[in-house]
Amino acid sequence: MAILNILRYPDLRLHKVAQPVTVFDATLRTLVQDLTETMYAAPGVGLAATQVDVHKEVIVVDVSDRRDSPVVLVNPEIVEAFGVSDIEEGCLSVPGIYEAVERAERVRIRAFDQFGKSFTLEAQGLLAVCIQHEMDHLKGKVFVEYLSPLKQQRIRAKLAKQLRKSA
Ligand code: NI
């Protein structure tokens, strides 16, 4: 297992669109393990393969308090969505920024696990929001892009300053 480097917004590679997984092999399972380990180490509640510069439709999420219930979603699709949620979100690719984004409050997801078994998952609240956030990454979309241009500009300036400070 390995802890992978997480791309930081506004890295252009975060805008690449992920491709569906077609082969469920050892390489995929290693990716899932590395994503999970990287998410826990960060620490975060979700991570998409896009964020580690692997452009395949793979995400991991864990919103449990004990951090022992990872959910692996390969080729996830939203089958149904209900309600409106505006939980404040953060992102490991946009450190220190928290903003509310309008999402569905409940979703039904169809996906595969890392072994190629298909399943459906009903999610609500934080888990539902987290899955929608990670699925956006697979489409090349970062949550701050829902915000106004002015807010986005401020966020980019703040991140550039953080980067200079840490350099
Ligand atoms: Ni994110």
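Up top you'll find the structure we're talking about.
Since we're looking at a predicted model, the values are computed, not measured.

Rules and cut-offs
- Residues numbered from 1 in each chain as written.
- Predicted model: local features only at pLDDT ≥ 70, side-chain atom pairs only at ≥ 80, totals over all residues.
- Heavy atoms only, no water.
- Donors = N, O, S within 2.8 Å, 3.2 Å for Na, K, Ca; no water.
- Helix = DSSP H or I, 4+ residues; strand = E, 2+ residues; numbered from the N terminus.
- Buried < 20%, exposed > 50% of the residue type's maximum accessible area, 1.4 Å probe, protein only.
- Expected span 1.5 Å × (residues − 1).
- Arc of directions from axis to C-beta.
- Pairing = 2+ DSSP bridges.
- Phe/Tyr/Trp six-rings, centres within 6.5 Å; stacked < 30°, edge-to-face > 60°.
- Lys NZ or Arg CZ within 6 Å of the ring centre and 35° of its normal.
- Salt bridge = Lys/Arg side-chain N within 4 Å of Asp/Glu carboxyl O.
- Core = buried A, V, L, I, M, F, W, Y, C linked by side-chain atoms within 4.5 Å.
- Contact = heavy atoms within 4.5 Å.
- Axes fitted to C-alpha atoms, helices over the stretch in contact; angles between N-to-C directions.

(A) Just the coordination of the nickel ion, in detail. The nickel ion binds to the protein through Cys91 (SG), His133 (NE2) and His137 (NE2); the donor distances cover 2.1 to 2.2 Å. When the donor residues of the nickel ion are listed from N- to C-terminus, their spacing reads C-x41-H-x3-H. Taken as a pair, His133 and His137 lie in helix H2 (residues 125-138) at a separation of four residues, close to a single helical turn. As far as burial versus exposure is concerned, His133 and His137 are alike and both buried.

(B) Looking closely at helix H3 (residues 149-166). For H3, built from 18 residues, the straight-helix expectation of 26 Å at 1.5 Å per residue is met to within 8% by its first-to-last C-alpha distance of 26 Å. Restricting attention to buried positions, one finds in H3 the residues Gln152, Ile155 and Leu159. An end-on view of H3 places all buried positions within 60 degrees of arc, on one side of the element. Opposite its buried face, H3 presents the exposed residues Gln153, Arg154, Arg164 and Lys165, each directed more than 90 degrees away.

(C) Focus on the pairing of strand E2 (residues 58-61). Burial of E2 is two-sided: the residues Val58 and Val60 facing one way and the residues Ile59 and Val61 facing the other way are all buried. Here three bridges tie strand E1 (residues 46-48) to E2, and the two strands are oriented antiparallel to one another. Residue pairing for E2: Leu47 is matched across the bridge by Val60.

(D) Here's a closer look at the packing of aromatic side chains. By the definition in use, this model includes one aromatic pair. Arg106 extends its terminal NZ or CZ atom over the ring of Phe82, reaching a point 4.6 Å from the ring centre.

(E) Structural context of the pattern of salt bridges. Summed over all chains, the structure comprises nine salt bridges. Across the salt bridge formed by Arg66 and Asp68, the nearest N and O atoms sit 3.5 Å from each other. Judged by relative accessible area, Arg66 falls into the exposed class, the value being 70%. Between Lys139 and Asp136 there is a salt bridge, and its shortest N-O distance comes to 3.6 Å. You can call Lys139 exposed: its relative accessible area is 52%. Each of Glu89, Arg103, Asp136 and Lys139 takes part in salt bridges that share partners, so that together they form one network.

(F) Summary view of the nonpolar core. One finds Ile59, Leu73, Ile109 and Ile131 to be the most contacted residues of the largest nonpolar core, which totals 18 residues. The set of elements that each furnish at least two residues to this core consists of E2, strand E3 (71-82), strand E6 (106-112), strand E7 (118-124) and H2. In terms of residue count, H2 provides more of this core than any other element does, six residues in total. Once residues lying within four places of it in the same chain are set aside, the contact partners of Ile59 are Leu47, Ala48, Val71, Val72, Leu73, Pro76, Ile131, Glu134, Met135 and Leu138. Formed by 14 residues, the second largest nonpolar core is a distinct cluster that contains Val32, Leu35, Leu47 and Ala49.

(G) Structural detail: the sheet that holds E6. Read across the sheet, five strands follow the order E1-E2-E3-E6-E7 without closing on themselves; strand pairing throughout is antiparallel. Each edge of the open sheet carries a strand with a single partner, namely E1 and E7. Neighbouring strand axes in the sheet, compared pairwise and without regard to direction, differ in orientation by 40 degrees on average. Sheet topology note: the E2/E3 ladder contains four bridges and is antiparallel.

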